[in-house]
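# Structural overview for review
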Amino acid sequence: MQSIVRTSPNIALIKYWGKRNTIKNLPAVDSISITLDNLWTEMNVIFSSDLSNDELFINEKKQNNISRVKNCIDSICGEQRDYASIMSRCNFPISAGLASSSSSFSALVVAINSLMKKKWNTQLLANQAGSVSGSAARSILGGIVKLNNEPEKIRITQLLSPNDWPLRVVIAITDKKEKAISSSKAMKLSADTSPFYSSWVEDQNDDIKEANSFISKKDFEGLASISEHNCMKMHSIMWTTRPSIVYWNSTTIDCMHAIRDLQRNGESVFFTIDAGPQIKAICLPENEEKIAKKLNEIKGVQSIMTSGLGSGPIIEK
Ligand code: 2P0
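What comes next is a walk through the structure.

Parameters at a glance
Residues numbered from 1 in each chain as written. Predicted model: local features only at pLDDT ≥ 70, side-chain atom pairs only at ≥ 80, totals over all residues. Heavy atoms only, no water. Core = buried A, V, L, I, M, F, W, Y, C linked by side-chain atoms within 4.5 Å. Buried < 20%, exposed > 50% of the residue type's maximum accessible area, 1.4 Å probe, protein only. Helix = DSSP H or I, 4+ residues; strand = E, 2+ residues; numbered from the N terminus. Contact = heavy atoms within 4.5 Å. Pairing = 2+ DSSP bridges. Axes fitted to C-alpha atoms, helices over the stretch in contact; angles between N-to-C directions. Polar contact = N/O pair within 3.5 Å; in protein donor to acceptor, adjacent residues only side chain to side chain. Near = heavy atom within 4 Å. Areas by Shrake-Rupley, 256 points an atom, 1.4 Å probe, with all protein chains shown as cover. Nonpolar A, V, L, I, M, F, W, Y, C, P; charged D, E, K, R; others polar. Salt bridge = Lys/Arg side-chain N within 4 Å of Asp/Glu carboxyl O. Phe/Tyr/Trp six-rings, centres within 6.5 Å; stacked < 30°, edge-to-face > 60°.

## A short note on the nonpolar core
With 34 residues, the main nonpolar core has Val-69, Ile-73, Ile-86 and Leu-108 as its most contacted residues. Those elements that place two or more of their residues in this core are strand E6 (41–48), helix H1 (67–77), strand E9 (83–90), helix H2 (100–115), helix H3 (122–132), strand E10 (144–150) and strand E11 (153–160). If one sorts the elements of this core by residue count, H2 sits on top with eight residues. With residues up to four places along the chain from it excluded, the contact list for Val-69 reads Leu-56, Ile-86, Phe-105 and Leu-108. Membership of the second largest hydrophobic core comes to 33 residues, among which are Val-170, Ala-186, Ala-258 and Ile-298.

Below is the structure:
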């Protein structure tokens, strides 16, 4: 009983920050993201009656706190089951604002579903993945993906395939350390204490509509403007949380200024930043080389990763 699944993280252009239901892990706002291809998590899951407990290895290191993984398996298979041995390999920094939970939990859900021969459809897979980690639901599809809130559940839709609009992403890694505060904890604090949280939630549908319209017209400059605006709104919620949550470092800000310079010079590029200090520059293919070179020259940038848009989960076995 073995399954191997590879999935990629997704980067939100219109962000998810806050939950309407913490028990079911349902997001407070709709979101729009791009699923990557060159960054990935590969999950190798084996169920065996020889095991005396579940075990998880990430990049060959045994993990101690695996309750989220255990609960996820239980909720699909029930508690009367063989234990699982899970080997996870990830080719990018984990828990550092590069959405590793989106690739990890989407891969886990697809792998277990395949092992159990459940044949769940996209929406069931997305709801299961999202119940463990909100952003993981969006990695169930490739290309540009919209996540909608519905009563008691979510729905995901592919707005454009990777071939429809082959955007590129240049990621400047500025610090590989694990984040000091998890997204879940930070979101809760923001909802409880930021004076701007309720307007963030109320205004999100306007941003979603605007982004949706620019995406359908493949209007890069329009998408750039609304994406940067939405990103900065989310970070202003984090900054105005008590105590304030600042995921950026000084290199993050230097990269942001460098992207502003590139924009002034006519390059088609915009930035987005998540719950970590890495900066993601979204661009058109013809601008990628110049942007990667410019970001790589900035003091404090440790490495550059580049990616296109991917097609979603790959079941390897
Ligand atoms: C997003 N982030 O839309 C936003 C932007 C980070 C900033 O979704 O609590 O790991 O597991 O549902 O999915 C990161 O949060 O949070 C996230 P949980 P998740 O991508």
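What follows continues from the structure just given.
## Things to note about the pairing of E9
Every regular strand shows the same layout, with side chains that alternate between the two sheet faces. Bridge analysis of E6 against E9 gives eight bridges, and the strand direction is antiparallel. What sits directly across from Val-45, in E9, is Ile-86. Pairing analysis gives four bridges linking strand E7 (residues 55–58) to E9, with the strands arranged parallel. Residue pairing in the sheet places Leu-56 in a bridge with Ile-86 of E9.

## Some remarks on the sheet that holds strand E12 (residues 168–173)
Pairing is antiparallel in the open sheet, where four strands are placed in the order E13-E14-E12-E15. The sheet is open, and its two edges are formed by strand E13 (269–272) and strand E15 (303–307), each paired on a single side. The mean angle between the axes of side-by-side strands here comes to 25°, regardless of whether they run parallel or antiparallel. Direction of pairing for E13 relative to strand E14 (residues 279–283): antiparallel, over a ladder of four bridges. Bridge pairing in E14 links Phe-270 to Ile-282.

## Quick notes on the environment of Ser-104
Among the structural elements, Ser-104 can be located in helix H2. Separated by 57 residues in the primary sequence, Ser-104 and Phe-47 have C-alpha atoms spaced 18 Å apart. If near-sequence neighbours (up to four positions away) are discounted, Ser-104 is found in contact with Thr-41 and Met-43. Polar side-chain contacts of Ser-104 include one of 2.7 Å to the backbone oxygen of Ser-100.

## Concerning the site of the ligand
By nearness alone, 19 residues border the ligand, and Tyr-16, Lys-19, Gly-134, Ser-135 and Ser-184 come closest of all. A distance of 2.6 Å separates an oxygen atom of the ligand from a polar backbone atom of Gly-134. One of the side-chain nitrogen or oxygen atoms of Arg-138 is found 2.8 Å away from an oxygen atom of the ligand. In isolation the ligand exposes 470 Å². Once the protein is present, 94% of that is buried. Considering each element in turn, the shell around the ligand owes the most residues, three residues, to helix H4 (residues 183–193). Considered class by class, the residues forming the shell around the ligand number seven nonpolar, seven polar and five charged.

## Things to note about the pattern of salt bridges
Pairing is possible between side chains that carry opposite charge, provided their charged atoms lie close to one another. Tallied over the entire structure, the rule returns 19 salt bridges. Lys-233 is the partner of Asp-207 in a salt bridge, and the nearest nitrogen-oxygen pair spans 2.9 Å. Note that Asp-207 is positioned in helix H5 (residues 197–216) and Lys-233 in helix H6 (residues 220–239), a separation of 26 residues in sequence. Take Asp-207 and Lys-233: they sit in the same class, and that class is buried. Among the charged side chains, a salt-bridge network with shared partners connects Arg-6, Glu-42, Arg-89 and Glu-316.

## Quick look at the packing of aromatic side chains
With the rule as written, the count across this model stands at three aromatic pairs. Considering the side-chain rings of Phe-220 and Phe-270, the 5.4 Å spacing of their centres and the 50° angle between planes classify their relative orientation as tilted. Of the two residues, Phe-220 sits in helix H6 while Phe-270 sits in strand E13, which places them 50 residues apart along the sequence. On the basis of relative accessible area, Phe-270 is assigned to the buried category, the value being 0%.

## Some thoughts on the side chain of Gln-278
With respect to the helices and strands, Gln-278 occurs in the loop between E13 and E14. Reaching out from Gln-278, the side chain makes a polar contact with the backbone oxygen of Ala-96 at a distance of 2.9 Å. Within the structure, the side chain of Gln-278 is placed 2.5 Å from the backbone oxygen of Asp-175, a separation counted as a polar contact. Sequence-distant contacts of Gln-278, that is, excluding residues within four places in its chain, are made with Ala-96, Gly-97, Leu-98, Ile-171, Ala-172, Ile-173, Thr-174, Asp-175, Thr-272 and Ile-273.

## Remarks on the sheet that holds E9
In any sheet, the strands associate via hydrogen bonds between backbone groups, in a parallel or an antiparallel arrangement. Reading across the sheet, the six strands line up as E8-E7-E9-E6-E1-E16 and stay open at both edges, with mixed pairing between neighbours. Strand pairing shows two members of the sheet lacking a second neighbour, strand E8 (61–62) and strand E16 (314–315), which therefore form its edges. Contacting strand E1 (2–7), E6, E9 and E16, H2 runs over the sheet at an angle of about 40° to E6.

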